[in-house]
Amino acid sequence: MVYLILLLYFAFTFWGSLIGANTKNQTPESYFLANRNLGTLALFFTILATNFSAFYFIGFAGEGYRVGYAYYFIMAFGTAFAALSFFIIGHKVWQLGKDKGYLTPPELIYGETGSQSLRYLYASIMVIYTLPYLALQIIGGGYILENLTGGQIPYLLGTILLTVFTIAYVLIGGMTSVAKTDLKQGLLAILFMLLAVIFISRDLGGLAFANEQLFQSEADLFQPTGKGEQYSPQKWFSLLIVWLFCIPMFPQLFMRFYIARDLSHLRKSALLYAGIPLVISLFPVIIGVLGHLSFPGLEGKAADQILPMMLVEHTTDWFAALVMTGAIAAFMSTLDSQLLALSTIATRDFYLPISQREVDFKKEVAIGRVFVAIFALIGLFIAFKPFATIFDMGKLSFAGLAILFPLTLFILRVGKVNPAYGIASIGIGQCLLLSFYYGWLPKAWLFGFESFIPILLICFLIVGLGTRRQKTSLPLKDEGNKKT
Amino acid sequence: MQRTRVNLLWALLFGAIFLLSQSHHLISFSHQPSLLGLPFWLWCYMGIHVLLVAALFVYSRKTEHN
């Protein structure tokens, strides 16, 4: 039954990809940006599906287990607050994309500053810090398949199978098929998570009863400071605010600002993006928290598997398979978007400018496909030996990307940014981030905040010093990129 | 100038909502299980989330008209 459900899901997804693969009259806009023509619901679900990934299913449940209900609010409110970026950043990105034909974030940076060096640096950071987040999807998929099949598909084999499948349907369909599968996968994920909470809590005697039971032994899980008082005021502040800065810098999300049909659809999807996490963020966290009743004592990375473990323990095989299929859907919807975004950046912001070649659209897509495979394999390599918990790998990714925010904001909203200052803000920001991460700089200097808080302040200062308020945009220079 | 003032007011509003999300450091909310067994403070904070969404809705209408 488990294998049947999995096979049906893969067939359904692949069929959707084939429908999206329209090989007639394809242009870069149609392949990479779905013709900049997505309406509110499709846009919202493609953003949501991109955002709510293995990090949502596995990471939320894992942190719910490790921290408690405080984690729910961090993610729900933090994500909602990040919807402000749709207005602050998204509107301008959409407008510039429409007016000047930008397809990638670094293209916009180059078009508005004229600096090829800044473009390369910006693109490099986006690629480097998206790779661990990309690997998370593969890791999550591996865990799910292993638990779902009782170990018959071991972790490593599961990661390979899912990665190969995702590569296949991305190569065929491009962004149109990605957006269409995101809509279906988003709906599936929400529905199945809700049912999972209902069935698991019913098996535990009802949600209220289970929570009352748990409160007797693990009252810390119900504190706003989290289990073991993990969320100090500084950490709470840091984890709530980071999403505003990092979410718009995910390349797969940044590029979705380009694909709205018009600003009205972008605004409406922003409101949905702010409201929906209020409900759906609760589902995996509840399962993670209640995991203490069935699987006490899990530590570190072991807790990342609490969601599949609870499903297998408290529901039927077929239902567990359905929910985990929804989870795999989430994992693949994020992975496919990341692969498409990174391959587009690698092609248009590295390969073509550096090679100085003029290519037609078909050749551009062919080059992009090579990069899809390359990045998928890198993600797979990272997944073979994860270097931290899913949450911590995600946190590193998010912090690295957030450092791009000050430069992006000033370019879009304030004025003409001197590229040297832009390069300095990114370079110094990344050096500081890695210094704190590896312990070369003492954590005491952070006064309890997460490192990206003071680093972001420094980046804002540097960019601010190098910005002239009178904004004049430079025309986009076409070097080796032939527009079709 | 008028537009800058309006933008500043919106920034202050969203800043205030964000500060509300830090209020448990000053106000001792109960963490006892309440509705559905979820802690009482969580329900209060969900109310703050709803407030944020409402503010975003009004903000989006204003920017649309502008």
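**Q** Could you clarify how one ought to interpret the layout of surface pockets in this entry?
**A** Over the atoms rolls a probe the size of a water molecule, and its path tells where empty space is left. In this model, the largest pocket occupies a volume close to 1,400 Å³. Taken together, 37 residues make up the lining of the largest pocket; nearest its centre are A:Phe87, A:Ile88, A:Arg413, B:Asn7 and B:Tyr59. Looking at the lining of the largest pocket element by element, the count peaks at eleven residues for helix α1 (residues 2-20) of chain B. Of the residues assigned to the lining of the largest pocket, the class counts are 23 nonpolar, seven polar and seven charged.

**Q** So what exactly am I meant to see when it comes to the interface of chain A and chain B here?
**A** Buried accessible area, meaning the area lost when the parts come together, often serves as the stated size of an interface. In this assembly, 34 residues from chain A lie in contact with 29 residues from chain B. A combined buried area of about 3,000 Å² lies between chain A and chain B, and 79% of that area is made up of carbon and sulfur atoms. Along the contact surface separating chain A from chain B lie zero salt bridges. On inspection of chain A and its partner chain B, the count reaches four residue pairs in polar contact (both at pLDDT 80 or more). Where the side of chain A that touches chain B is concerned, the elements lending two or more residues are α5 (70-82), α6 (84-100), α10 (207-217), α11 (233-246), α13 (263-275) and α14 (277-280) of chain A.

**Q** Is there a simple way to explain a nonpolar patch on the surface in this structure?
**A** All names here are of chain A. Together, Leu 156, Ile 160, Val 164, Phe 381 and Phe 384 make up a nonpolar patch on the protein surface, roughly 490 Å² of accessible area in all. Elements that contribute at least two residues to the nonpolar patch include exactly α9 (155-203) and α18 (361-384). Ranked by residues supplied to the nonpolar patch, first place goes to α9 with three residues. Along the polypeptide, Phe 381 turns up in helix α18.

**Q** Mind showing me how you'd approach empty space enclosed by the protein here?
**A** All names here are of chain A. In total, this model carries four cavities of 30 Å³ or more according to the counting rule given. By volume, the largest cavity is sized at about 100 Å³. Where the lining of the largest cavity is concerned, the elements lending two or more residues are α4 (54-67) and α5. Top contributing element to the lining of the largest cavity by residue count: α4, with three residues. Taken together, Leu 48, Ala 49, Phe 52, Tyr 56, Gln 185, Gly 186, Ala 189, Ile 190, Ile 280, Ala 329, Ala 330 and Ser 333 make up the lining of the second largest cavity. No other element matches α9, which puts four residues into the lining of the second largest cavity. Partitioning the lining of the second largest cavity into residue classes produces nine nonpolar, three polar and no charged.

**Q** Honestly, the side chain of B:Ser21 in this entry has me stumped. Any pointers?
**A** Assignment of secondary structure puts B:Ser21 in the loop between α1 and α2 (40-65). Judged by relative accessible area, which is 0%, B:Ser21 ranks as buried. Engagement of the side chain of B:Ser21 in a polar contact is seen with the side chain of B:Gln22, the distance being 2.9 Å. With residues up to four places along the chain from it excluded, the contact list for B:Ser21 reads A:Phe73, A:Phe77, A:Trp236, A:Leu240, B:Tyr45 and B:Ile48.

**Q** In this structure, what is going on with the nonpolar core? I would like to understand it.
**A** Taken as a class, soluble globular proteins show a tendency for nonpolar side chains to be buried jointly. All names here are of chain A. Grouped together as the largest cluster of nonpolar side chains are 194 residues, with contacts concentrated most on Phe 55 and Trp 243. In terms of residue count, the dominant contributor to this core is helix α17 (residues 317-355) (19 residues). Leave out the neighbours within four places in its chain, and Phe 55 touches Phe 60, Tyr 71, Met 75, Tyr 133, Leu 136, Gln 137, Trp 243, Ile 390, Phe 391, Gly 394 and Phe 398.

**Q** How should the confidence of the model for chain A be read in this particular structure?
**A** Regions with low pLDDT carry predicted coordinates that are not meant to be interpreted in detail. All names here are of chain A. Per-residue pLDDT for chain A averages 85, and the proportion of residues at 70 or more is 88%. Ranking the elements of chain A by mean pLDDT puts helix α2 (residues 28-33) last with 59 and helix α15 (residues 282-294) first with 96. In the predicted structure, residues 471-484 sits below a pLDDT of 50 and forms 47 contacts with residues beyond four places in sequence or in another chain.

**Q** How should α4(A) be read in this particular structure?
**A** Each full turn of the α-helix corresponds to 3.6 residues, which orients residues three or four apart in the same direction. Residues and elements named next belong to chain A. Across its 14 residues, α4 extends 18 Å between first and last C-alpha, which sits within 8% of the 20 Å expected from 1.5 Å per residue. At Phe 60, α4 is bent by approximately 25°, the largest bend along its length. The element α4 is extensively covered by neighbouring structure, given that 14 of its 14 residues are classed as buried. Immediately beyond the C-terminal end of α4, within one or two residues, lies Gly 68, with a positive phi of roughly 115°.

**Q** Could you clarify how one ought to interpret the pattern of salt bridges in this entry?
**A** When the charged atoms of two side chains with opposite charge come close together, those side chains can pair. All names here are of chain A. All chains considered together, the criterion is met by nine salt bridges over all chains. The partner of Glu 218 in a salt bridge is Lys 227, and the shortest N-O contact between them spans 2.7 Å. With relative accessibility at 26%, the residue Lys 227 sits in the partly exposed group. If you follow the salt bridges from partner to partner, you end up with Glu 63, Arg 66 and Asp 304 in one network.

**Q** How should the packing of aromatic side chains be read in this particular structure?
**A** Two descriptors summarise a pair of aromatic rings, namely the distance from one centre to the other and the angle between the planes of the rings. Summed over all chains, the structure comprises 41 aromatic pairs over all chains. Both rings, one in A:Tyr69 and one in A:Phe222, keep their centres 5.4 Å apart while their planes meet at 65°; by these two values the pair is edge-to-face. Here the residue A:Tyr69 occupies a position in the loop between α4 and α5, and A:Phe222 occupies one in the loop between α10 and α11, the gap between them amounting to 153 residues. On the basis of relative accessible area, A:Phe222 is assigned to the buried category, the value being 0%. Arranged with centres 5.5 Å apart and planes meeting at 85°, the rings of A:Phe237 and B:Phe18 form a pair that is edge-to-face. Pair noted here: A:Phe237 is in helix α11 and B:Phe18 is in helix α1, and the two residues belong to different chains. Of the residues examined, B:Phe18 reaches a relative accessible area of 5% and is grouped as buried.

**Q** What's the story with the environment of A:Ser115 in this structure? I'm lost.
**A** Residues and elements named next belong to chain A. As for its placement among the helices and strands, Ser 115 is situated in the loop between α7 (105-113) and α8 (116-148). Between the C-alpha atom of Ser 115 and that of Gly 422, which follows or precedes it by 307 residues, the distance is 9.8 Å. Excluding residues within four positions of it along the chain, Ser 115 makes contact with Tyr 110 and Pro 419. A distance of 3.0 Å separates the side chain of Ser 115 from the backbone nitrogen of Leu 118, its partner in a polar contact.

Procedures and definitions
- Residues numbered from 1 in each chain as written.
- Chains lettered and ligands numbered in written order.
- Predicted model: local features only at pLDDT ≥ 70, side-chain atom pairs only at ≥ 80, totals over all residues.
- Heavy atoms only, no water.
- 1 Å grid on protein atoms, 1.4 Å probe; cavity = no way out; pocket = protein on both sides within 12 Å on 5 of 7 lines; lining within 4 Å.
- Points joined across faces, edges and corners; volume = space filled by probe spheres on them.
- Helix = DSSP H or I, 4+ residues; strand = E, 2+ residues; numbered from the N terminus.
- Nonpolar A, V, L, I, M, F, W, Y, C, P; charged D, E, K, R; others polar.
- Contact = heavy atoms within 4.5 Å.
- Buried area = accessible area lost by both parts, 1.4 Å probe.
- Salt bridge = Lys/Arg side-chain N within 4 Å of Asp/Glu carboxyl O.
- Polar contact = N/O pair within 3.5 Å; in protein donor to acceptor, adjacent residues only side chain to side chain.
- Patch = residues over 30% accessible without salt bridge, like charges linked within 9 Å, V, L, I, M, F, W, Y side chains within 5 Å.
- Areas by Shrake-Rupley, 256 points an atom, 1.4 Å probe, with all protein chains shown as cover.
- Buried < 20%, exposed > 50% of the residue type's maximum accessible area, 1.4 Å probe, protein only.
- Core = buried A, V, L, I, M, F, W, Y, C linked by side-chain atoms within 4.5 Å.
- pLDDT = per-residue confidence, 0-100.
- Expected span 1.5 Å × (residues − 1).
- Bend = angle between axes of the 7 residues up to and from the residue.
- Phe/Tyr/Trp six-rings, centres within 6.5 Å; stacked < 30°, edge-to-face > 60°.

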